[in-house]
Every structure is written in C-alpha cells, then in structure tokens.
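The residues making up each chain are set out below.
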Amino acid sequence: MIPAKSITFWALTCLLSLQAFTCLGQTSSVLEVADAVNTFRATRERQIVEDFTAFLALPNVASSLPNMQANARHITALLEPRGFTVRTLRSGGAPYVFAELSSPGASETVLIYAHFDGQPVQSENWTYAPFSPTLLDGLIQEGSKPVDLNSVADQFNPEWRIYARSAGDDKMPVIALIHMLDALRANGLELSVNLKLLLDGEEERGSPTLGQVIDDNPGLFDADLLLFCDGPMHQSRQAQLVFGVRGGRTLDITTYGANRPLHSGHYGNWAPNPIMSMAYLLTSMRDETGRILIEGYYDNVAALTESERAAIEAMPNIEARLKDELAVHTPEGGGTRIEELVTLPAFNARGVEGGGVGDQGRNIILSSSTVSLNLRLVPNQRPERIRQIIENHITGEGYFIVYEDPTDDILRANSKVVKLDWRGGGSPGLRTSMDGPMAQRLIRVMRELTPELILTPTMGGGLPLNAFANRMETPIIVLPLANHDNNQHGENENLRLQNLWDAMMVYGVVLTQLGRN
Ligand SMILES: [Zn+2]
C-alpha cells in the first residue's frame, strides 16, 4: 500500500484542479482523519512498536490453552482502558475475545474479525527466535541487521520490519486499532459507527468452535458490516478490499493392483498397475490447463458480474513478475489471468504415495497407490454435490467404489476398485456482491483515501467466513493489511512497519467515515 503517497498525490490533484473547492469539500474529512492519525503516530512510534513486540512475545500456538488464555488477558488489558467492554468466550475450544465500543449517535455497527493464534513454529529454522520479536532494518533475505531499539530516536524507518510469529498473521490489527483510537481521541475525532471486535484464538486450526461461539451468543455479533482483517495484501502494496474466498474439499483416492506387490519382470503386462491406473483416472478428471473434465463440475459456478470483471481488469497485472519470480514458462489456465482463475474451481493433486524412487526404487508392481486431492470450490458449488458428481465420474470410468480397504473378495469380483476417503465435509466458496449498498459505501470511503484501491472479487485461499455466512446476512468484506511478503505460516514471519502505520490510518478513516457516508 502506498496511501501516504496517494494522499499527497490526491491532495495535489485537488489543489491543482479548477474544482479545488468541491474536491477538498468532498475529501477533507478523510484527509483530516488520515493526517491526524499519521501525525499522532509519528510522535508515538516507539510506544506502538513496544506494544506490538510485547504482544508478539507471548507464545500463541492454539493447542496450548494456557498460552492462549495469557494472550486473551493481554488483549483485554489493551482494550479495556480504551473503553471497550471485553469478554472472553469459549465453546469448548480456544478462547475468543469479544470487545465492544459504542459510539454516541452511531446507528450502525462494524464487526472486525482478526485472530491472535499462530501456526506452530520450528524455532531451529528461524534466524531470530519466533517469540523474541526482533526489529530488522529491512528484509532478512537481503542481509538486514537487527536495530537496537534504544538507539532509535522516536521515528522509525517505515521499511524496517518486526520479525516474530504472528507479526503478519494476525496480531497486528489489535495494535493498529488501539493506537488509532488513541489518535482519534487526542484529536477530538469520533467513530461514526459502533465497533465490535471478534478476535479468534484458533484460526490456524480452522476455527473449529467459531460456529458454536456464534450460536452460544445469539445477537452478540450482529453488525451491518463484517470486516475480516486477515491475510496478505496485494503484491503491488496498494490498498485492497477482497469480496470472496474459495471453499474446499479434500479427497484421498486409492487404486489397487494385486493383493501383494509382484515382481515387475515376472508379472509386468499382467498385473494391474495401481500407479498407472491412478494416472489414467486423474487425467480423465482434469486436463493440462487445469480445466476439470468431470461432467457437471462447472454447472453452478457463479459467473463474474460486470463489476467483478471490470475490477479484475483494473488490477495491476502481476503475471510477468510472477512468471519471472517463480520460474514458470507457461502457467496453467490457458492464458486467463490469475485473478480470474481463482474465481474458478481448482482440482489440485497435493501428494502421491506409492512405491519408491531413486535408491528406494524396487522393480515391483505395487498393490496400491494413493493420491490426495485438494479441491477448491467457488460460490454455488455445494460440497455434497461435488462429491456426488466425482463419484459418478469415477463409476463411469469403470470403478467399483469402496470407503474402506477392499477385501480380496471385492478385488476378485471387480475389474477396477477404488477407495475414496472424503476427509471432512468441506466448505463452499463465498462472494459478497461489490454492488451492494454497504460494499459501495466502503469502496467510496477507501477510494477517497487511496484512489488506486484494488477490488478483488475472490482471493484464492480460504478463510473461516462460512461460520458467519451460514448464520447471518451481514456483508463480509476482507480488508487485508499485512505486507504480501510477511512469510506467514513459515519461519521468519515479519511485518513491515509501514503496513502497521497504514493499518492505523485505514481503520481511522473507515471507522470515522463509514457511518456518515
Ligand atoms: Zn491469518
């Protein structure tokens, strides 16, 4: 994101324009808020960084209840002095922190979701210990060095980065929000909406009890907009709103040969080969460009609307950069842009098991081979129907389907046998309309701050949005704030300071303007 630049650019355009008066009239409040937050922040950078590092120093692997409770207490201690009513909610899993701040005169409510648990860490892979937050003067891959906090005057270089687990995913929103609120108060500015926060303590485990938490607290999460603050921003660093996610299903498929491995010389050309059967089965289901060949697979896929198509066309094209960075000559997709491809279902083989290679190779024909598929689903594709049409397809290829290891009798009685292991029920994809009134208002406010705002119809991955979408009508929009290269889930996770500064400004502008817009 380059909002600071954008703002300067925007203000300049206004001043130079003959309609300077109208222009400033429309944008002054956004610019005033942005300026107030930025000016306040510039005097408090050390305090903000210290608050962030203290939070990051708390280990937060979701499987440790004591750790997550310590995090929840820490968050409560940050929010209560700012006037929030805070509750820790549990429905059999990790704690969730719910906080509420009402604004006099506001008639609408924004619910912000973020999470404070992190992926497990393998400390030996980290350059600096994951729970000893370290400020570096840039990217670690570029040989950056730690900065001694005590040697820094109050202003920090915005390109510096804080390295720690959950720096980018997803502890930053809490810190940005509290310091944004301090900035507003110091300037006598008020929120235009009531604010609710739901901070998830088990997102990295798939938020297993989020649905239950919502069910156990009827009405608590009612809101006019759910802003989902998780995930990295666009690679161009421009501000971004994301309107959807893909869902998914997982399926392991096992094909069979004889009931024990056989010598490939004595039995080659006679014994059915499960690896080859698997290859034929897979290629019957998907072509080389990624197009899924299963009958009916695209029947319910929601077509892109005009606005969604226009938004994709307006996005910075990262194709050439990606191909270069990732050493890819010909992407799948037959020439369609990545931003459009992620609005389509994907059929990914994520692993294959069977036999050995290299020094582990043996001249045998295996008795079974397994592939694990990770299916990405898009809006209107129901996971139950996907199961049905995949099973229809496999039956159509001449297979007898079992759900447990087949007996010899089953193998004797059927020419081709396949075992299907549907792992979990899966989740459908989700997409909020860009044309809805709340979406339009949010887009308007964000565009006043940064005209280059990127609108992404669907991100490729998933987020636990269905727990909300299945239970409420509230429009859900994802507002990603972390740098794209934050290395989330991996070692050396980090957050670029400018992203924290920008997050404060974006929250300030959205929450002071949305209710008035
Ligand atoms: Zn996350």
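About the cut-offs
- Sequence positions are assigned chain by chain, starting from 1 and proceeding in written order.
- Residue-level local features of this predicted model are given only where pLDDT is at least 70; pairs of side-chain atoms are given and counted only at 80 or more, and the full residue set underlies all totals for whole chains, interfaces and linings.
- For every residue, the pLDDT score states the predictor's confidence, bounded by 0 at the bottom and 100 at the top.
- Note that contacts rest on C-beta atoms placed from the backbone: two residues are in contact if these are within 7 Å.
- Here, a strand pair is defined by DSSP locating no fewer than two bridges between the strands.
- Helix and strand assignments come from DSSP, with helices taken as H or I runs of at least 4 residues and strands as E runs of at least 2, each series counted from the N terminus.
- A fitted line through C-alpha atoms serves as each axis, taken over the contacting stretch for helices, and the angle formed by two N-to-C directions is quoted from 0 to 180°.
- Partly exposed residues are those whose C-beta has more than 12 but fewer than 20 other C-beta atoms within 10 Å; with 20 or more the residue is buried, with 12 or fewer it is exposed, and the C-beta atoms are placed from the backbone.
- This arc corresponds to the set of directions leading from the helix axis out to the C-beta atoms.
- What we call a nonpolar core is a set of buried Ala, Val, Leu, Ile, Met, Phe, Trp, Tyr and Cys residues whose membership is set by joining through C-beta atoms within 7 Å.
- Throughout, the term roughly parallel applies to angles under 35 degrees, roughly antiparallel to angles over 145, roughly perpendicular to angles from 65 to 115, and oblique to all others.
- For any pair of crossing helices, the crossing counts as left-handed if the nearer helix is rotated counterclockwise from the farther one by less than a right angle, and right-handed if it is rotated clockwise.
- Under this grouping Gly is polar, as are all residues other than the nonpolar Ala, Val, Leu, Ile, Met, Phe, Trp, Tyr, Cys and Pro and the charged Asp, Glu, Lys and Arg.
- Domain boundaries shown here were taken from an automatic or database domain assignment.

Enquirer: Run through the confidence of the model for the chain, naming residues and quoting values.
Expert: For any part of a model where pLDDT is low, the fine detail of the predicted coordinates should not be relied upon. When pLDDT is averaged along the chain, the result is 92, and 95% of the positions lie at 70 or above. Here residues 1-28 is modelled with pLDDT under 50, and outside its nearest four sequence neighbours on either side it reaches 29 contacts, counting other chains as well.

Enquirer: With reference to specific residues and values, describe the sheet that holds strand S10 (residues 247-256).
Expert: Taken together, the 5 strands give an open sheet; going across it, the order is S12-S14-S10-S16-S15, and neighbouring strands pair in mixed fashion. Two strands lie at the open edges of the sheet, namely strand S12 (346-353) and strand S15 (400-402), each paired on one side alone. Taken over all neighbouring pairs, the strand axes of this sheet differ in orientation by 25° on average, direction set aside. Two elements, S10 and strand S16 (residues 417-422), share 5 bridges in a ladder whose sense is antiparallel. From the neighbouring strand, Ile-253 faces S16, where its bridge partner is Leu-420. With respect to the sheet, helix H8 (residues 274-285) is in contact with S10, S12 and strand S14 (368-377), its orientation differing from that of S14 by roughly 20°.

Enquirer: Requested: an account of the sheet that holds strand S4 (residues 134-136), with residues and values cited.
Expert: Across the sheet, which stays open at both edges, the 3 strands sit in the order S4-S5-S20 with antiparallel pairing between neighbours. Two strands in the sheet have a free side with no partner beyond their single neighbour: S4 and strand S20 (494-496). Here the strands of the sheet are splayed against their neighbours by 25° on average, with no regard to which way each runs. Bridge count between S4 and strand S5 (residues 161-163): 3 bridges; the pairing is antiparallel. Residue pairing in the sheet places Leu-135 in a bridge with Ile-162 of S5. In the packing of helix H16 (residues 497-513) onto the sheet, the strands contacted are S5 and S20, and the crossing angle to S20 comes to about 65°.

Enquirer: So what's going on with helix H9 (residues 306-314)? Which residues, and what values?
Expert: Burial in H9 covers these residues: Glu-308, Ala-311 and Ile-312. End-on, the buried residues of H9 take up no more than an arc of 100°, which puts them together on one face. Projecting away from the buried face of H9 at angles above 90 degrees are the exposed residues Glu-306, Ala-310, Glu-313 and Ala-314. Taken together, the buried residues of H9 touch helix H11 (338-341) and strand S18 (454-456).

Enquirer: Can you tell me about the nonpolar core, naming the residues and giving the values?
Expert: Generally speaking, nonpolar side chains in soluble globular proteins are found buried as a group. Ranked by size, the top nonpolar core spans 103 residues in total, and within it Val-110, Phe-228, Ile-477, Leu-500 and Met-504 carry the most contacts. Discounting chain neighbours no more than four positions away, the residues touching Met-504 are Val-37, Arg-41, Ala-176, His-179, Met-180 and Ala-183. In terms of nonpolar packing, the next biggest core, distinct from the first, is built from 16 residues, Tyr-256, Ile-390, Ile-394 and Val-418 among them.

Enquirer: An account of the packing of helix H14 (residues 437-449) against H16 is requested, with residue identities and associated values reported.
Expert: Running from N to C, H14 and H16 point in directions that differ by 135°, and their axes come no closer than 10 Å. With respect to their mutual orientation, H14 and H16 come out oblique. Crossing geometry of H14 relative to H16 is assigned as right-handed. Contact with H14, carried on its side by Leu-442, Val-445, Met-446 and Leu-449, involves Val-506, Val-509, Val-510 and Gln-513 of H16 and no other residues of that element. Here the contact of H14 with H16 is composed, by residue class, of 7 nonpolar, 1 polar and no charged.

Enquirer: If you had to explain the pairing of strand S7 (residues 225-228) to someone new, which residues and values would you point to?
Expert: The alternating pattern of S7 places Leu-225 and Leu-227 on one face and Leu-226 and Phe-228 on the opposite face, and all of these are buried. The pairing of strand S3 (residues 109-115) with S7 spans 4 bridges and is classified as parallel. Along S7, the bridge assignment pairs Tyr-113 with Phe-228. Pairing geometry for S7 and strand S19 (residues 476-478), over 3 bridges, is parallel. If you follow Leu-227 over to S19, its bridge partner there is Ile-477.

Enquirer: Just give me the short version of the domain arrangement of the chain, but keep the residues and values in it.
Expert: How big an interface is tends to be reported as the loss of accessible area on association of its parts. According to the domain assignment, the chain consists of domain 1 (3-245 + 431-516) and domain 2 (247-301 + 344-422). A C-alpha centroid distance of 42 Å is found between domain 1 and domain 2.

Enquirer: Break down the environment of Leu-455 for me, citing the residues and quoting the values.
Expert: Topologically, Leu-455 is positioned in strand S18. The exposure class of Leu-455 is buried, given the 21 C-beta atoms found within 10 Å. Contact partners of Leu-455, with chain neighbours within four places excluded, come to Leu-241, Ala-311, Met-434 and Ile-443.

Enquirer: Which residues make up the environment of His-489, and what are the values?
Expert: Take His-489: it is sitting in the loop between S19 and S20. Owing to 14 C-beta atoms within 10 Å, His-489 belongs among the partly exposed residues under this scheme. Taking C-alpha positions, His-489 is 24 Å from Asp-252, a pair spaced 237 residues apart along the chain. Setting aside chain neighbours within four positions, we find His-489 in contact with Gln-119 and Asp-169.

Enquirer: Give a description of unusual backbone geometry that names residues and reports values.
Expert: With an omega of 20°, the peptide bond running from Asp-169 to Asp-170 counts as cis. Of note, Asp-170 is situated in the loop between S5 and helix H5 (172-186). The backbone phi angle of Arg-237 is positive, close to 70°, even though this residue is not glycine. Relative to the helices and strands, Arg-237 resides in the loop between S7 and strand S8 (240-242). The partly exposed category is assigned to Arg-237, around which 19 C-beta atoms lie within 10 Å. The phi dihedral of Ala-327 is positive, around 55°, even though this residue is not glycine. Take Ala-327: it is sitting in the loop between helix H10 (319-325) and H11.

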